[in-house]
Each structure stands twice: as C-alpha cells, then as structure tokens.
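# Breakdown of the fold
Chain by chain, the residues run as shown.
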Amino acid sequence: MSAGDRSAAERRADLAKARRVVIKIGTRTISAEEGPGVDQEYIRSLAASVARLRDRDIQVLLVSSGAIGMGARALGLTQRSQSVTMRQACASIGQPLLMQSYREAFLAHDLITAQVLVTRDLFNRRGSFNHLKNSVEKLLKLGSIPIINENDSISTEEISRSFGDNDQLSAHVASKIDAELLILLSDVDGLYDRNPRYHADARFIPYVPELKEEHHLAARGKGSAHSTGGMSTKLKAVEIAGDAGCTVVLAHGRDPGVIERIIGGEEIGTLFGTSEVMKQRIRWIKNAEPAGRLSIDQGALEAILKRHSLLARGIVSVEGVFPRGSVVLVNDKVKLISSLDSTSLEKVIGVHSEEIPRILGSGSPEIIARPEDMYILDE
C-alpha cells in the first residue's frame, strides 16, 4: 500500500507514534479575550498538556506568538499599532514577559523552558542553520522545552514580512529538526472549501491527502485582524513540512484537550498527508530566500533542466551581493548553491571553465553549481 492509498483513520492512528512534535500557537489562540496580552490560564493548560506528552517520552517544541501583545499591554496600549518600530518596541518589551509566563507554567511540572529567537537569515545560511539545529537538538536531549519565536525586535524587514508568519516558521523548524508531527493551533478549526466567515454553506475538509490547486483557491484571503497569517500561509506551511515527511494537523487551539486528542488519533481538525520526502539539503535549497539572482543563456538553462552543471560561460549577468555558498535564483526557474561569491562571478561571466584559475587564482572552483546543489522550481 502506497502512502497515498492510506486512509485518514490509518494516518491519524500513526500520530501516536510521533516522538518529536512541533506545536505552533497562533496569536488569536494565545491572546486574552479583552485587550492585549496573553491568556495566562491558557498557557498553564498548554503546559499541562505538554507535560503529559513529555511523560510519554515525546519531545515537544513550541513556536509561540504573543510577544507583541504582551509588550502592548505593558505599555498600556489599547489598540494594535501599525507602526513597524512600535511593534518592534512592543516585541522587545513583551518577549521576556512572555517567556516568564511560560517559565512559571512549565516549572509547575518540573520542566525547564529555553528561549530560541531566530531570524530568516539563520535559515538561509547553511552554516548558521546547522549551528541552530545542533543547539535545538542539545536542548531537547537535555529535556527542556524550546520555545521559538522570530526575533521581531531586530528584524530589518516589516514584522509581517520578515519570515512571513509563525505558521511558516514552525514548518521550517519542523522540517529542519525532522519532526514527525506539526500541530498548527489557530482560531479556525481546520480547512474549508470556502471561507466559513463569509459563506454559511462552507464545507469542512477533515482530510487532505495531497494539496491541490483547489485547496489554495479555497484558502485565499487575509487572516484575522490580530494575526499575520491567513489560511494561505498555513497551506504554505503544510507544503514545507510535507517535503520533510512531517504530518500536519490544523485545529482550533481552544478546543479542550486538543493536543492530546490529535496525538490520540481523534478526528479533530484537518489532517494533511505528506508528500515524497526530500533530502534535507534539497529542502534547504528549495525554501531558502535567494541571496541574489543569475541570468543565464538558453543553452545553459536547458543543460540545468537536464541535470547538468552550471558553467561560467553560460552566465549573462549577476544581481546582488552575496558570499560563496549562497542560494541564488536562476532565470526564475532554478535555485542553486553558488560555489563563487557575487564579485568573483562577475569576473568570470561568459568565460570557459579552464580560464577561471587564471582569473581568480589557483584552486578556484571551475564549476558554478553541480546538479546535487540545485532545485528546479515547480518540479
């Protein structure tokens, strides 16, 4: 029986076998009902659920929103600010307050929490990604609960655009640490064929064995006023996690006992099947933000699409400034790891490979990228 032939019930039953789980807590899920800030009782309930999973030797990582709301409450703000700098200030103030809430809730169960703040750049650079992965692995081995959030206070992009949202951040985390299950807790109870907020006859979809265009069309539209991600971002997270063989369940975060009910195989939320598992290096190339762009001639593009290497003589132009080992976008069709930095690439545009040592010095790479360092978009 192939993975695509397995029933929803069989897939849900398999969730009990997960030994490493990432749980994403959305803004609306964690927020207090009135005013900014987080619901302390909800955090205590969450900690109790996670503690019961830990008793079953299940490793748990949390990806949590809430820092901006906590900072806003501390500052006495009553309305959500649209100013990037104000939201960064709120995040700076709120993040330690959020972690204090988590620390106290988990200490009641003799569990230690660990703060892990990340930026998109950490995931784009292979070396820093490996360091991050090793650090998280060590925290899990020590029995702590890593609580991950984007470092909004130093993000140079708009907070709503720096990583996209915590849905995608959680999927990147799940992919990088080889989690078997990603639980997206939100203010919706799953995927519908149309937006249930506007269509009373919207049909709930309990199981999606494979994402299709119809699902993306159904997911169009913005999220709630208090969050950065809508359903489209959640489906993007499903794709990212699915490439790593990680099952995703989207459910309402306020349903009683939701986490344990999901792992217990209960039909709650929408269950998403996994796609064919990609090698981790290829997943990294696919999901990394390009550090620059290359334009190549048609002959070089056809060679790449036939799984041949990229040579300097096929390069027409270089955009951006980036070090060697960066992921770059080629003709909007291919992502690859460049063996040369942008300055060196500009010096060898259009030259034959045997000329590169003379131009750049002995020992310089003569091949810009090999097939194993490429990902063809829309494969």
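Residues numbered from 1 in each chain as written. Predicted model: local features only at pLDDT ≥ 70, side-chain atom pairs only at ≥ 80, totals over all residues. Heavy atoms only, no water.

### So, the packing of aromatic side chains
Within a pair of aromatic rings, the relevant descriptors are the distance that separates the centres and the angle that separates the planes. The following threshold applies: Any two of the Phe, Tyr and Trp rings considered here, Trp counted by its six-membered ring, make a pair once their centres fall within 6.5 Å; the pair's planes then place it as stacked at under 30 degrees, edge-to-face at over 60, or tilted in between. Secondary structure elements follow DSSP: runs of H or I of four or more residues count as helices, runs of E of two or more count as strands, with numbering from the N terminus.
A full pass over the atoms with the stated rule returns 2 aromatic pairs. Pairing Tyr102 with Phe106 gives two aromatic rings, centres 6.3 Å apart and planes at 35°, and the pair type is tilted. One end of the pair is Tyr102 and the other is Phe106, both in helix H5 (residues 84-107) and 4 residues apart, which spans about a single turn. Measuring from centroid to centroid gives 5.3 Å for Tyr192 and Phe204, while their planes differ by 65°, and the two rings are edge-to-face. Of this pair, Tyr192 sits in strand S6 (residues 191-192) while Phe204 sits in strand S7 (residues 204-205), and the two are 12 residues apart along the sequence.

### A look at the sheet that holds strand S13 (residues 327-330)
Short version of the rule: Any two strands with at least two DSSP-identified bridges between them are counted as paired. Note on geometry: axes are lines fitted to C-alpha atoms, helical ones only across the stretch in contact, with angles between N-to-C directions running from 0 to 180 degrees. Contacts are residue-level and defined by heavy atoms, with any inter-residue pair within 4.5 Å sufficient.
Taken in spatial order, the 5 strands line up as S12-S11-S13-S14-S15 in an open sheet, and their pairing is mixed. On the outer flanks of this sheet lie strand S12 (315-319) and strand S15 (374-376), each paired with one strand and no other. Pairs of neighbouring strands in the sheet enclose a mean axial angle of 25°, with direction left out of account. Where strand S11 (residues 292-296) meets S12, 4 bridges bridge the pair, whose relative direction is antiparallel. By the bridge assignment, Ile296 is partnered in S12 with Ile315. Lying on the sheet, helix H13 (residues 280-287) is in contact with S13, strand S14 (334-337) and S15; it crosses S14 at an angle near 120°.

### A few points about the environment of Arg6
Considering the arrangement of structural elements, one finds Arg6 in the segment before helix H1 (8-14). Along the backbone, Arg6 and Val50 are 44 residues apart, and their C-alpha atoms lie at a distance of 28 Å.

### With respect to the packing of helix H9 (residues 166-176) against H13
To keep things clear, this is the line we draw: Roughly parallel refers to an angle under 35 degrees, roughly antiparallel to one over 145, roughly perpendicular to one between 65 and 115, and oblique to any angle outside these ranges. With the far helix as reference, a near helix turned anticlockwise by less than a right angle produces a left-handed crossing, and one turned clockwise produces a right-handed crossing. Here the nonpolar group is Ala, Val, Leu, Ile, Met, Phe, Trp, Tyr, Cys and Pro; Asp, Glu, Lys and Arg are the charged ones; every other residue, Gly included, is treated as polar.
It is the contact of H9 with H13, at a shortest axis distance of 11 Å, that shows an interaxial angle of 160°. By the angle class used here, H9 and H13 are roughly antiparallel. The hand of the H9/H13 crossing is left-handed. Residues His172, Ser175 and Lys176 of H9 form the contact with H13, whose participating residues are Gln280, Arg283, Trp284 and Asn287. Residues that form the contact of H9 with H13 fall into these classes: 1 nonpolar, 4 polar and 2 charged.

### Side note on the sheet that holds strand S8 (residues 207-208)
Here we have 8 strands laid out as an open sheet, ordered S3-S4-S2-S1-S5-S9-S10-S8, and mixed in their pairing. For this open sheet the edge positions go to strand S3 (113-118) and S8, each flanked by a neighbour on one side alone. In terms of strand pairing, strand S1 (residues 20-25) meets strand S5 (residues 181-186) through 5 bridges, oriented parallel. Residue Ile25 lies in a different strand from S5, and its bridge partner there is Leu185. Contacting S1, strand S2 (59-64), S3 and strand S4 (145-150), H5 runs over the sheet at an angle of about 150° to S3.

### Remarks on the confidence of the model for the chain
Note the cut-off: In predicted models, pLDDT denotes the confidence assigned by the predictor to each residue on a 0 to 100 scale.
Summarising the model, the chain shows a mean pLDDT of 88, and 92% of its residues fall at 70 or more. In this model residues 156-161 is a low-confidence stretch, pLDDT under 50, and it forms 9 contacts with partners more than four residues away in sequence or in other chains. Of the regions scoring below 50 in pLDDT, residues 222-228 engages in 13 contacts with residues more than four places distant in sequence or in other chains.

### Observations concerning a nonpolar patch on the surface
In plain terms, the rule: Like charges within 9 Å and nonpolar side chains (Val, Leu, Ile, Met, Phe, Trp, Tyr) within 5 Å are joined into patches, using only residues over 30% in relative accessible area that form no salt bridge. Areas reported as accessible are Shrake-Rupley estimates using a 1.4 Å probe. Residue values count occlusion only from the protein chains shown. For this analysis, a salt bridge means a side-chain nitrogen from Lys or Arg found within 4 Å of a carboxyl oxygen belonging to Asp or Glu.
Taken together, the side chains of Leu75, Met86, Ile93 and Leu97 present a nonpolar region at the surface, about 290 Å² in accessible area. Within the secondary structure layout, Leu75 lies in the loop between helix H4 (67-74) and H5.

### Describing the environment of Met99
By the element assignment, Met99 lies in helix H5. It is 9.8 Å that separates the C-alpha atoms of Met99 and Ser64, two residues lying 35 residues apart in sequence. With near-sequence residues (within four places) excluded, Met99 lies in contact with Thr113, Ala114, Gln115 and Ile147.

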